[in-house]
Number of protein chains: 2
Amino acid sequence: MIRVFIVDDHPVVIEGIHSLLQNVNGIEWAGHAMNAASCLGFFVNNMADIVLMDISMPGMDGVELCAVMKEKYPGVFILGLSTFNQGLYIKKMMENGASGYILKNSSKEDLIAAIHAVKDGNIFFSGEVGQALADYQKYSKSALPVLTPREKEVLELIAEGYTNPQIAEKIFLSPFTVDSHRKNLLAKLNVKNTATLIKLAVENKLI
Amino acid sequence: MIRVFIVDDHPVVIEGIHSLLQNVNGIEWAGHAMNAASCLGFFVNNMADIVLMDISMPGMDGVELCAVMKEKYPGVFILGLSTFNQGLYIKKMMENGASGYILKNSSKEDLIAAIHAVKDGNIFFSGEVGQALADYQKYSKSALPVLTPREKEVLELIAEGYTNPQIAEKIFLSPFTVDSHRKNLLAKLNVKNTATLIKLAVENKLI
DNA sequence: ATTAAAATACCCTTTTCGGGTGATTGGAAC
DNA sequence: GTTCCAATCACCCGAAAAGGGTATTTTAAT
């Protein structure tokens, strides 16, 4: 028997999931909480194998609660749950020890598959979530201005630690020109200096 | 019926997986290939729903083949397969469109669960693989020298684009002191300048 | 042919870098 | 209890590089 607990501030969601999981072979309803505090309260005297956890809740949110729960009860597997497809939060919650992520409007089959996968220590994402993660990456990339080939070239060399004079020598340009490309990079990407330029570039996989 | 194809240069693995999947309800054996080229050859005249793909193969490796396959046949789901737990390759293969990743010595149950999850467009990692990914992150972090709290603080402010004088004002220090911390960061992390400092910091999630 | 974008180039000011030096503090080891 | 060390703080100098602004020449596209 897999004991499933749910934390969500929307009664409708709790009811919905509850009825979906009712009479499912091998799954037992452990209970529910409507905020982080009462979830933690529940686990003082009770146990569950899996916690379905909303990402957005009043007070402590899912991302934080996930970290606290995994700290206190490492054996409990956490499955993120959300209506909206926010790649950033999914990522954060996974970094905090969640074992997977599904949408609240997932099919019964997906929900059960996810619960079983996670129970065995595996990691499960529903397809839409995987797509959201990918889109998140792409979005943050495509929101950036297009760099010219020369600019990319200069950017890469800057990231490798070469100075303007060194880059100039490497690609047969005047140091002034390299500097111009560098300034265009700063302007295009709307950053102040080399530090923020490189930070942005690495975070968006430009280099 | 889910048609499963396998690409692996080790006959033992092909045989092993084949026998594991034999007589499993809903799963059909589509065939096998022992290198990237014959896999691509197979798909010219045939189809499969899922490809179990080795990561390390002579010639074109799994990471590359994965990209080619998803380009040509986006509807085919790819499940990475490996004996060794290399976080870096897992990451690369996922970036190239794979739908999951399991170890060759996975249990029959995990293998079947993974195939079903992936077939529905979901994403599945076996627990050990998830661990490998996490370890990979931690490993690359722990190989770095330990930074003092002050150094981390300065590093973060540099990454946010503040100059030495600005940082000095912000944390009530002499600009000289900030500069000292900055130089220590460069020395400790063995980098030349701000560009490489920030690149290393972001890549290792120091900021 | 016109135009916009890209690539090129220069000057001046501010900031960083590399090379030091040295005082102070708080904890760990002897 | 003293010695030692790492961390933090502070300073100086000169050379090098980056940042702000401006301007000309290619190149590609319509």
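Preceding block: the structure.
Just so you know, these numbers come straight off a predicted model, no measurement behind them.

### Some remarks on the pairing of strand β3 (residues 50-54) of chain A
Consecutive side chains of a regular strand alternate in pointing toward one face of the sheet and then the other. All names here are of chain A. For β3, the buried fraction is high: 5 of the 5 residues fall into the buried class. Here β3 shows a buried face lined by Ile 50, Leu 52 and Asp 54 and a second buried face lined by Val 51 and Met 53. Here strand β1 (residues 2-7) pairs with β3 via 4 bridges, running parallel. From the neighbouring strand, Ile 6 faces β3, where its bridge partner is Leu 52. Across 5 bridges, the pairing between β3 and strand β4 (residues 77-82) is parallel. The residue of β4 that forms the bridge with Met 53 is Gly 80. In this fold, the crossover linking β3 to β4 by way of helix α3 (residues 62-72) has right-handed handedness.

### Details of the protein's contact with DNA strand C
Near DNA strand C you find 19 residues, and of these Thr 148, Arg 150 and Ser 180 of chain A together with Lys 183 and Thr 194 of chain B are the closest. Of what DNA strand C places within 4 Å of the protein, 65% of the atoms are sugar or phosphate. In the environment of DNA strand C, a base nitrogen lies 2.5 Å from a nitrogen or oxygen atom belonging to the side chain of Ser 180 of chain A. Side-chain polar atom of Lys 183 of chain B to a base oxygen of DNA strand C: 2.4 Å apart, as the coordinates give it. Every element with two or more residues in the surface near DNA strand C is listed here: α7 (149-159) and α9 (175-188) of chain A together with α8 (164-170) and α9 (175-188) of chain B. When residues in the surface near DNA strand C are grouped by element, the largest group, 5 residues, is from α9 of chain A. In terms of residue class, the surface near DNA strand C is made up of 5 nonpolar, 9 polar and 5 charged.

### Overview of the interface of chain A and chain B
Every contact between the two is made by 27 residues of chain A and, on the other side, 27 residues of chain B. The junction of chain A with chain B conceals about 2100 Å² of combined surface from both sides, 58% of it contributed by carbon and sulfur atoms. Contact with chain B buries area across many residues of chain A, yet Asn 122, Ile 123 and Lys 199 of chain A alone supply 23% of it, more than any other trio. The interface formed by chain A and chain B contains 0 salt bridges.

### Observations regarding the packing of helix α2 (residues 36-45) of chain A against α3 of chain A
Each pair of packed helices can be described by the angle between their axes along with the distance between the axes. Residue and element names in this part refer to chain A. Where α2 contacts α3, the axes come no closer than 11 Å and their chain directions differ by 15 degrees. In terms of orientation, α2 lies roughly parallel with respect to α3. Pair α2 / α3 crosses with right-handed handedness. Where α2 approaches α3, its residues Ala 36, Cys 39, Leu 40 and Phe 43 are matched on the opposing element by Leu 65, Val 68 and Met 69.

What counts, and at which threshold
- Residues numbered from 1 in each chain as written.
- Chains lettered and ligands numbered in written order.
- Predicted model: local features only at pLDDT ≥ 70, side-chain atom pairs only at ≥ 80, totals over all residues.
- Heavy atoms only, no water.
- Buried < 20%, exposed > 50% of the residue type's maximum accessible area, 1.4 Å probe, protein only.
- Helix = DSSP H or I, 4+ residues; strand = E, 2+ residues; numbered from the N terminus.
- Pairing = 2+ DSSP bridges.
- Right-handed = clockwise from strand over helix to strand, strands pointing away.
- Near = heavy atom within 4 Å.
- Polar contact = N/O pair within 3.5 Å; in protein donor to acceptor, adjacent residues only side chain to side chain.
- Nonpolar A, V, L, I, M, F, W, Y, C, P; charged D, E, K, R; others polar.
- Contact = heavy atoms within 4.5 Å.
- Buried area = accessible area lost by both parts, 1.4 Å probe.
- Salt bridge = Lys/Arg side-chain N within 4 Å of Asp/Glu carboxyl O.
- Axes fitted to C-alpha atoms, helices over the stretch in contact; angles between N-to-C directions.
- Parallel < 35°, antiparallel > 145°, perpendicular 65-115°, else oblique.
- Left-handed = near helix turned anticlockwise from the far one by under 90°.

Purely geometric numbers; function is a separate question.
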